[in-house]
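# A structural walkthrough
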Amino acid sequence: MTAPDMRPVALVTGSSRGIGLAAAEALAKEGFAVAVNGRGDDRELAAAVARVAVHGNPVMAAPFDVTDIATHETVLANIEAQLGPLTTLVNNAGVGVLQRGDLLDVSEASWDRCIDVNAKAMFFLSQAFARRLLSRQRSRMFHSIVNVTSSNAVAVAIQRSEYCASKSAAAMISKTLAVRLGPENIAVYDVQPGLIATDMTAPVIDTYRERAEEGLTLFPRLGQPEEMGAIIASLAIGKFPYTTGQVISADAGMLVPRF
């Protein structure tokens, strides 16, 4: 068993289901202690904690709303009190649009929701995490922030313009964090999933599947949360040494330019 002071510790936001849960499980398999996050202390979060705990490393529920910036410091302190010094932050929590449609009809509420969760919360939680790491003597373990944005940080989805804008902002935040934290030996990555089968994409999953099979993606299939989890864990454990600021296009080649 890894000694507590030598075990990496990760907070994965939005990890009660989907890509976040897959990432939490993948990290637990790699020996991480994991804080599993959902907005509320509910059955879904408890079930996610149980799934992650199966892998034999410490796990805790960390129910909080990522947009409640005033709580970030307290949340991080509580996690460290239970699991030990944090080494890793996976910013996965995200929301879609309130209603798909013409960008001329986008509501202020939908715009603010996307920006607040997908960009603003990510920025300020990363800020709190980085400040905590820089305030103390750190172990020689790999330290990183892994942000889960979207292929829509680059590719326009006209019916979800406010989502695209928020993910583009998140992608730039990843770059600025990488530049600021590189000299401190804290790596930052931006994972941009494409067509992934999750609860968020469930309403349009049949359309996505058809488009993938018709050639939108170079691999003619949808991606799975477990595949995203494997990518995130590989980055978080430092399997890509001497890298930071990279965008990982986890989209089966969807955005490769073609004639």
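These notes cover the structure that comes with them. (Residues numbered from 1 in each chain as written. Predicted model: local features only at pLDDT ≥ 70, side-chain atom pairs only at ≥ 80, totals over all residues. Heavy atoms only, no water.)

### Overview of the packing of aromatic side chains
Across all of its chains, the model carries 1 aromatic pair by this definition. Look at Phe123 and Phe124: their rings are 5.0 Å apart centre to centre, the planes differ by 80 degrees, and that puts the pair in the edge-to-face class. Residue Phe123 is classed as partly exposed on the basis of its relative accessible area, which comes to 32%. (Phe/Tyr/Trp six-rings, centres within 6.5 Å; stacked < 30°, edge-to-face > 60°. Buried < 20%, exposed > 50% of the residue type's maximum accessible area, 1.4 Å probe, protein only.)

### Some words on the nonpolar core
By size, the foremost hydrophobic cluster in this structure holds 33 residues, and its most contacted members are Leu11 and Ile79. Mapped onto this core, the elements with two or more residues apiece are strand 1 (9-12), strand 2 (33-36), helix 3 (72-83), helix 4 (108-134), helix 5 (161-181) and strand 6 (186-193). If one sorts the elements of this core by residue count, helix 4 sits on top with 9 residues. Ignoring sequence-local partners within four residues, the contact set of Ile79 consists of Val9, Leu11, Ala35, Met60, Ala62, Gly84 and Leu86. Listed in part, the 29 residues of the second largest apolar core include Ala48, Val52, Ala233 and Ala250. (Core = buried A, V, L, I, M, F, W, Y, C linked by side-chain atoms within 4.5 Å. Helix = DSSP H or I, 4+ residues; strand = E, 2+ residues; numbered from the N terminus. Contact = heavy atoms within 4.5 Å.)

### Looking at the sheet that holds strand 4 (residues 88-91)
Strand pairing within a sheet occurs via backbone hydrogen bonds; the two strands may be parallel or antiparallel. With parallel pairing, 7 strands are arranged side by side in an open sheet as 3-2-1-4-5-6-7. Only two strands of the sheet have a single neighbouring strand rather than two, namely strand 3 (59-61) and strand 7 (247-250). Within the sheet, the average angular offset between the axes of one strand and its neighbour, ignoring direction, is 15 degrees. In the sheet, strand 1 pairs with strand 4 via 3 bridges, with the strands oriented parallel. Across the sheet, residue Ala10 finds its bridge partner in strand 4, namely Thr88. Helix 1 (residues 18-29) rests against strand 1, strand 2, strand 4 and strand 6 of the sheet, and its axis sits at about 170 degrees to strand 1. Of the strands in this sheet, strand 1, strand 2 and strand 3 are in contact with helix 3, which crosses strand 3 at around 145 degrees. (Pairing = 2+ DSSP bridges. Axes fitted to C-alpha atoms, helices over the stretch in contact; angles between N-to-C directions.)

### What to know about the environment of Val247
With respect to the element layout, Val247 can be found in strand 7. Judged by its relative accessible area of 34%, Val247 is partly exposed. Ignoring anything within four residues of it in the chain, the contact list for Val247 reads Lys175, Asp190 and Gln192.

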